[in-house]
Structure formats: structure tokens, C-alpha cells
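# A closer look at the structure
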Amino acid sequence: MSRIAIVTGASGGIGSAIADRLSADGFTVVRADLDGASSPVDVADPDSVAQWAGALIADVGKVDVLVNNAGVWRHAAIADVSATDARRVLDVNLLGAWWCTQALVPVMSAGSAVVNLSSTAAAVASRALGLYPASKGGIEAMTRQLAIELGPRGIRVNAVAPGLIRTAATEARYADGSRDGLLAVLPLARAGTPEDIAAVTSFLASDDAGYVTGQVITVDGGLTVAGVGVP
Ligand code: NAD
């Protein structure tokens, strides 16, 4: 029987790589994203999530892996963060993962797994990131909370915290060379790739991680151990 994996934000750099990797691992992958995706949903809107999850469950029947990857950032200093942007970051990054998990956990059974996307921004403070770090700190607390709540049902909940990952959306910050100095002081001296994140997500989704729950696995080339902040 085929194993079903749902990836939110699957049209983006990291989400797309995760979907590709889980597909190569043998999962039937549902790629969810905003309008235009094969499985459209606005994770920030609980009504949209309920409608999407209802149709999804009618179609695939059960979920083995849920990857809450959809995310946005509105980097700005406190004086420049509008109420709309503040709410959007929390609505997508934190509540979006909550709504999707709440909607799909009823059709997840023992042996299944949730993987949430955090960020090193939850652990290392940098200037002018607005509420993005708070949204990711919330994701990590939620990961631990749901691990103890869902553990007795055999459902594992973990998070991956990427560091500096070079994607189409972040490419401009690397292409102009302005990040070269920063990358040079990382222990592994390079930006991460979406595939670096997909590999660890694949592990956490797999039975090889069958005794791992409530953890945040940092995938950052050593950024956090070197105490590097992003200026
Ligand atoms: P990205 O912008 O390339 O992709 C994000 C995807 O999420 C997009 O396809 C977007 O359409 C989708 N999305 C946004 N809002 C949505 C919504 N309301 N409903 C459904 N889908 C929505 O970003 P990325 O770099 O691939 O980041 C993926 C995840 O990894 C995010 O959670 C991000 O915070 C996290 N992350 C990224 C980096 C990095 O350096 N790129 C570092 C740390 C953490």
C-alpha cells in the first residue's frame, strides 16, 4: 500500500526539494501551496485548510507524513513592521503548521510522522527580522508539545532548522557576493542547498528515525555552533 506524504509550500525552493526527495523515497507526494499548486491551500486560513484537508482525505484516505514547510518572512526593524505583516508571519509560519496538523492528524496512525520547518533564527538573534524568529521559536515549542501529545498514538513530531539556504527566493542575497564573508566564517564555509534540508527531512520522516521525537535537528553548516548571526 502506498505511503502518502503531504508537503506544504511545495512550490518553493526547500519544499520542492523535500517533495522530490520523499517521492524518490517511494512516497506518493501531495504538493500543497497557494493558488497554482496541484493541491491549493492557504495554510494561514483555517477555513481553506479545512476544505483542503476534507478533499485530500476523501482522495487519499490517510496521511503517513506531513511536512509543514510553507513559510514567509517580512524582515524589518520593529518600527517598520506593519500589523498586516506581523500577523501574516505568525499566521503562515506558526498557525499554518498548527491548522494543517490539526486537520490531518485524525487520519495519521502509528508509525507516521510530522516534520516542521523551523530556522536557526529561532536560536540565534539577528537584526531586523521582525516576528520571523518568534514564529520559528513557536514552531519549536509546538513541536515538543505535539510530540508528547501524539507520541502515545505512535506519531512522531520533529523539526528541521535550516541555516543559510540558497534558493531562488534567497538567490539575490548570494549572487551579489554580499554574503561571501559570512559564508567564509561558517565551519563548512558554504551556503546550504534545499537538498541538504530534504535529506534530513527524509530521515525524520523515515522508520530509521523511529525513536526520535520532539527534536529540532539543525542543518546549518555549523552556523549556530560558531555563534554566527546574520547582520
Ligand atoms: P520559499 O519562499 O522559496 O518557499 C515557501 C513556499 O511557501 C512558497 O512556495 C510559497 O508560495 C509557500 N507559501 C507561503 N505562504 C503560504 C500559505 N499561506 N499557504 C500555502 N503555501 C504558502 O521559501 P524557502 O526558502 O523554500 O523556505 C521554506 C521553509 O524553510 C520556510 O518555512 C522557511 O521559513 C524555512 N527556512 C528557509 C531558509 C532559507 O534560507 N531559505 C532558512 C531557514 C528556514
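Rules and cut-offs
Residues numbered from 1 in each chain as written. Predicted model: local features only at pLDDT ≥ 70, side-chain atom pairs only at ≥ 80, totals over all residues. Heavy atoms only, no water. Pairing = 2+ DSSP bridges. Helix = DSSP H or I, 4+ residues; strand = E, 2+ residues; numbered from the N terminus. Contact = heavy atoms within 4.5 Å. Axes fitted to C-alpha atoms, helices over the stretch in contact; angles between N-to-C directions. Core = buried A, V, L, I, M, F, W, Y, C linked by side-chain atoms within 4.5 Å. Buried < 20%, exposed > 50% of the residue type's maximum accessible area, 1.4 Å probe, protein only. Near = heavy atom within 4 Å. Polar contact = N/O pair within 3.5 Å; in protein donor to acceptor, adjacent residues only side chain to side chain. Areas by Shrake-Rupley, 256 points an atom, 1.4 Å probe, with all protein chains shown as cover. Salt bridge = Lys/Arg side-chain N within 4 Å of Asp/Glu carboxyl O. Parallel < 35°, antiparallel > 145°, perpendicular 65-115°, else oblique. Left-handed = near helix turned anticlockwise from the far one by under 90°. Nonpolar A, V, L, I, M, F, W, Y, C, P; charged D, E, K, R; others polar. Lys, Arg positive; Asp, Glu negative; His and termini not counted.

### A short note on the sheet that holds strand S5 (residues 113-117)
Across the sheet, seven strands lie side by side as S3-S2-S1-S4-S5-S6-S7; this open sheet has parallel pairing. Looking at strand neighbours, the two that pair on one side only are strand S3 (39-40) and strand S7 (216-219), the edges of this open sheet. Each of strand S1 (4-8), strand S2 (28-33), strand S4 (65-68) and S5 is contacted by helix H1 (residues 13-24), which is oriented at about 165 degrees to S2, the strand it contacts most. Packed onto the sheet, helix H4 (residues 132-150) meets S5, strand S6 (156-162) and S7 and runs at close to 160 degrees relative to S6.

### Some thoughts on the nonpolar core
Ile6, Trp52, Leu66, Leu104 and Met108 are the most contacted members of the largest nonpolar core, which has 31 residues in total. Among the secondary structure elements, those contributing two or more residues to this core are S1, S2, helix H2 (46-60), helix H3 (83-104) and H4. Excluding anything up to four places from it in sequence, Leu66 contacts Ile6, Cys100, Thr101, Leu104, Met108, Ala113, Val114 and Val115. Ala5, Phe27, Val65 and Leu204 belong to the second largest nonpolar core, which has 23 residues in total.

### Digging into the site of the ligand
The local shell around the ligand holds 29 residues, among which Ile14, Asp33, Asp42, Asn69 and Tyr132 are the closest. Interatomic distance of 2.8 Å between a backbone N/O atom of Ile14 and an oxygen atom of the ligand. In the environment of the ligand, an oxygen atom lies 2.9 Å from a nitrogen or oxygen atom belonging to the side chain of Lys136. Against a free-state accessible area of 830 Å², the protein chains account for coverage of 89% of the ligand.

### Considerations on the pattern of salt bridges
Scanning the model with the defined rule gives seven salt bridges in all. For Arg88, the salt bridge goes to Asp42, with nearest N and O atoms at 3.5 Å. Of this pair, Arg88 sits in helix H3 while Asp42 sits in the loop between S3 and H2, and the two are 46 residues apart along the sequence. You can call Asp42 partly exposed: its relative accessible area is 22%. A salt bridge links Lys62 to Asp64; the nearest nitrogen and oxygen atoms lie 2.9 Å apart.

### With respect to the packing of H1 against helix H7 (residues 194-205)
It is the contact of H1 with H7, at a shortest axis distance of 8 Å, that shows an interaxial angle of 50 degrees. By the angle between their axes, H1 is oblique relative to H7. The crossing of H1 and H7 is right-handed. Here H1 contributes Gly13, Ile14, Ala17, Ile18, Arg21 and Leu22 to the contact with H7, which in turn contributes Pro194, Glu195, Ile197, Ala198, Ala199, Thr201, Ser202 and Ala205.

### Thoughts on the packing of H2 against H3
Following both chains from N to C, one finds H2 and H3 inclined at 35 degrees, their axes separated by 9 Å at the closest point. Here H2 and H3 pass one another in a crossing that is right-handed. Between H2, through Pro46, Val49, Trp52, Ala53, Leu56 and Ile57, and H3, the contact on the second element is made entirely by Trp99, Cys100, Ala103 and Leu104. Per-class residue counts for the contact of H2 with H3 are 10 nonpolar, no polar and no charged.

### Some details on the environment of Arg190
Assignment of secondary structure puts Arg190 in the loop between helix H6 (180-184) and H7. Given a relative accessible area of 42%, Arg190 falls into the partly exposed group. Expressed as a C-alpha distance, the spacing of Arg190 and Ala19, which sit 171 residues apart in the sequence, is 24 Å. Aside from chain neighbours lying at most four places away, what touches Arg190 is Leu183 and Asp196.

### Brief notes about the environment of Ala169
Tracing the backbone shows Ala169 in the loop between S6 and helix H5 (171-175). Taking the C-alpha atoms as reference points, Ala169 and Gly12, 157 residues apart in sequence, are found 8.0 Å from one another.

### A short note on the side chain of Arg156
Summarising the element assignment, Arg156 is placed in strand S6. One buried charged residue, Arg156, remains without a salt bridge, the closest side chain of opposite sign being Asp207 at 5.5 Å. Here Leu204 takes part through its backbone oxygen, which lies 2.9 Å from a polar atom of the side chain of Arg156.

Bear in mind that shape data such as this cannot, by itself, settle questions of function.
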